[in-house]
Amino acid sequence: QISEAEVALFSVSSYACQRRTTLDNHNSNLTDALSLLAENAELNNEDGRGVAFRRAAALMKALPTQVISMSQLRGLPCLGEHSLRVIKDVLENGVSSEVESTKQSKRYKALKILTGIFGVGAKTADRWIREGIYNLEQLRHSGQTLNRAQKSGLEHYDDLNEPVTKAEADAIGEIVQKAVDSVLTGSQVALTGGFRRGKLTGHDVDFLITHPEEGKEVGLMPKVVAWLESQKTTRNSYLESKDGPARPASNMDRFERCFSIFKLTKGKEQETASHKIWRAVRVDLVVSPISQFAFAVLGWTGSKLFERELRRWAGHEKNMSLSSHALFDNTQNKYLRATSEEEIFAYLGLEYIPPSERNA
Ligand code: DGT
Ligand code: MG
């Protein structure tokens, strides 16, 4: 038994954007449990609860050593009663009973399977479950009408639920660069999302496209998509696309955004027993004008929680509004221009955190 005096105590900021969170997680037993409950809450449209679990998980990710005793958590922010109960359960019993029962529940399993289809969100999945559809077999035989994206998602279900590797992300990057070069010379492509943060795998590959001359980027997305679609006969081609969701209540998505599915030819070594020589990969393309590029890079690099915390910091601590387009200072009543992420952190009065340390 370890005495209280011997356990390491932690001092951690309550804002994830003030913490350096690498991929080196010393408490994955705890963060896995909390993340699963966050995911379950999100799948059930319980956003507040989802954020609370995400913040608790992110805090545990930032701790420099493994937690072995509840007493080490005293005074730490972001840990609500419910999260503490889950952590205690894992520390004492190796697993959380709530997590285990969630994983076994018919509803959670069905939500996971159905939202695993490209183009299917929590709302659609919930409606199908209420109609007795719990898996892909039942969906296929249900006579439900699927939109184009969902049909494609169902067709490529296994591919799209297999993690994308960094090598595949790089290969996709070359295709996107080629497409962009072909339709508008001088255009630039930046890798964003998890791969920019140094993750070795991802659920998709995220790219941001811009042009150094303001205004040239207008109308670029449809041209890029048309070029990709015209490559049907090449080894690597384009399978499907879906516009960004219309979200009138939010100004988050004023960029031209395109969720797509690419057909990527496998390298010899990756050819599987199925003898399929290609696989489907999800790709998220976003176009931004150069004047907003730094804000877009920051906003699309993630993690999602890191982004949320940056906006919370800006609003609550600085009286500023941060988006993927701009930073507005409510006190001075003006937009603050920036050409780099470093400048944006400086405006916010935050120490610069590089992408590899934004894995909150
Ligand atoms: P992944 O793909 O699961 O390995 O992980 P990430 O971190 O790449 O996550 P992803 O691809 O869902 O999103 C990439 C980043 O883009 C994310 O960390 C935050 C940002 N992001 C995601 N969705 C939206 C959105 O609807 N609007 C804005 N402005 N940003 C978003
Ligand atoms: Mg991603």
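Bear in mind the structure is a predicted one, so any value in this text is a computation, not a measurement.

(A) Summary view of the site of ligand 1. Near ligand 1, the surroundings consist of 18 residues, among which Gly194, Lys199, His203, Asp204 and Lys304 are the closest. At 3.1 Å, a side-chain N or O of serine 324 approaches a nitrogen atom of ligand 1. Bound to the protein, ligand 1 loses 87% of the 600 Å² it would expose on its own. Listing elements by their share of the shell around ligand 1, those giving two or more residues are helix H11 (193-196) and helix H13 (293-301). Considered class by class, the residues forming the shell around ligand 1 number two nonpolar, eight polar and eight charged. Both of domain 3 (164-288) and domain 4 (296-357) provide at least three residues apiece to the shell around ligand 1.

(B) Just the pattern of salt bridges, in detail. As enumerated under the stated definition, the model contains 17 salt bridges in all. Here glutamate 46 ties to arginine 49 by a salt bridge, and the two come within 3.7 Å at their closest N and O atoms. Its relative accessible area of 39% is what places arginine 49 among the partly exposed residues. Of the charged contacts, one joins glutamate 341 and arginine 358 as a salt bridge, the two residues approaching to 2.9 Å between their closest N and O atoms. Here glutamate 341, found in helix H15 (residues 341-347), pairs with arginine 358, found in the segment after H15; they are 17 residues apart in sequence, far enough to count as distant. On the basis of relative accessible area, glutamate 341 is assigned to the buried category, the value being 5%. Classification of arginine 358 by relative accessible area gives buried; the value is 0%. Residues joined in a network through salt bridges with shared partners are Arg20, Glu351 and Glu357.

(C) Highlighting the domain arrangement of the chain. The domains assigned to the chain are domain 1 (4-102), domain 2 (106-155), domain 3 (164-288) and domain 4 (296-357). At the interface, five residues of domain 2 touch six residues of domain 3. Roughly 550 Å² of surface becomes buried between domain 2 and domain 3 when both sides are summed, with 66% attributable to carbon and sulfur atoms. When residues of domain 2 are sorted by the area they lose upon contact with domain 3, Phe118, Arg148 and Ser152 head the list and together hold 82% of the total. Viewed at the interface, domain 3 and domain 2 are joined by zero salt bridges. Here domain 2 is connected to domain 3 by zero residue pairs in polar contact (both at pLDDT 80 or more).

(D) Structural context of helix H1 (residues 28-43). Taking 1.5 Å per residue, 16 residues should reach 22 Å; H1 reaches 22 Å between its end C-alpha atoms and fits that length. If you check which residues of H1 are buried, you get Leu30, Thr31, Ala33, Leu34, Ser35, Leu36, Leu37, Ala38, Asn40, Ala41 and Leu43. Where the residues of H1 are buried, they touch helix H2 (47-61), helix H3 (81-93), helix H4 (97-104), helix H5 (106-115) and helix H6 (122-130). Asparagine 45 occupies a position one or two residues after H1 and carries a positive phi of about 60°.

(E) View of the coordination of the magnesium ion (ligand 2). Taken together, the protein ligands of the magnesium ion (ligand 2) are Asp204 (OD) and Asp206 (OD), with distances of 2.0 to 2.1 Å. Pair check on accessibility: aspartate 204 and aspartate 206 agree, each one buried.

(F) Spatial organisation of the sheet that holds strand E10 (residues 334-335). Ordered in space as E8-E9-E10, the three strands form an open sheet in which the pairing is antiparallel. Both edges of this open sheet fall to strand E8 (320-322) and E10, since each of them pairs with a single strand only. In the sheet, E8 pairs with strand E9 (residues 327-329) via three bridges, with the strands oriented antiparallel. Within E9, the residue paired with serine 321 across the bridge is phenylalanine 328.

(G) Examining H2 more closely. Between its first and last C-alpha atoms H2 spans 21 Å; for 15 residues at 1.5 Å apiece the expected length is 21 Å, and the two agree. Buried residues belonging to H2 abut H1, H3 and helix H14 (304-318).

(H) Region of interest: unusual backbone geometry. Each neighbour pair has its own omega, and for glycine 302 with serine 303 the value is -5°, a cis peptide bond. Positive phi is not limited to glycine here, since asparagine 45 has a value of about 60°. By the element assignment, asparagine 45 lies in the loop between H1 and H2. Positive phi, normally seen in glycine, also occurs at asparagine 333, with a value near 55°. As for its placement among the helices and strands, asparagine 333 is situated in the loop between E9 and E10. On the basis of relative accessibility, which here comes to 58%, the residue asparagine 333 falls in the exposed class.

Cut-offs applied
- Residue positions are counted from 1 within each chain, in the order its sequence is given.
- Lettering of chains starts at A and numbering of ligands starts at 1, both following the order in which they are written.
- In keeping with the predicted nature of the model, local features appear solely for residues at pLDDT of at least 70, side-chain atom pairs appear and are counted solely at 80 or more, and the whole-chain, interface and lining totals rest on all residues.
- The side-chain values count all of the structure's non-hydrogen atoms but skip hydrogen atoms and water molecules.
- In these notes, residues near a molecule or strand are those with any non-hydrogen atom within 4 Å of it.
- Here a polar contact is taken to be a pair of N or O atoms separated by no more than 3.5 Å, where protein atoms must pair a possible hydrogen donor with a possible acceptor and residues adjacent in sequence count only if both atoms sit in side chains.
- Working definition of accessibility: Shrake-Rupley area with a 1.4 Å probe, residue cover restricted to the visible protein chains.
- A helix here means a DSSP run of H or I that spans at least four residues, while a strand means a run of E at least two residues long, and both kinds are numbered starting from the N terminus.
- Only Asp, Glu, Lys and Arg are considered charged, only Ala, Val, Leu, Ile, Met, Phe, Trp, Tyr, Cys and Pro nonpolar, and every remaining residue, Gly among them, polar.
- Just so you know, the domain bounds were taken from an automatic or database domain assignment.
- The term salt bridge refers to a pairing of a side-chain nitrogen on Lys or Arg with a carboxyl oxygen on Asp or Glu at a separation within 4 Å.
- With a 1.4 Å probe rolled over the protein chains alone, any residue whose accessible area is under 20% of its type maximum counts as buried; one over 50% counts as exposed, and the rest are partly exposed.
- In what follows, residue pairs with any heavy atoms lying within 4.5 Å of each other are defined as contacts.
- Joining two parts hides part of their accessible area as seen by a 1.4 Å probe, and the buried area is that hidden amount summed over both.
- Expected helix span is given by 1.5 Å per residue-to-residue step, counting one fewer step than there are residues.
- Any nitrogen, oxygen or sulfur atom within 2.8 Å of a metal ion counts as a donor, with the limit raised to 3.2 Å for Na, K and Ca, and since water is left out, coordination shells can look unfinished.
- Strands are labelled as partners when DSSP assigns at least two bridges between them.

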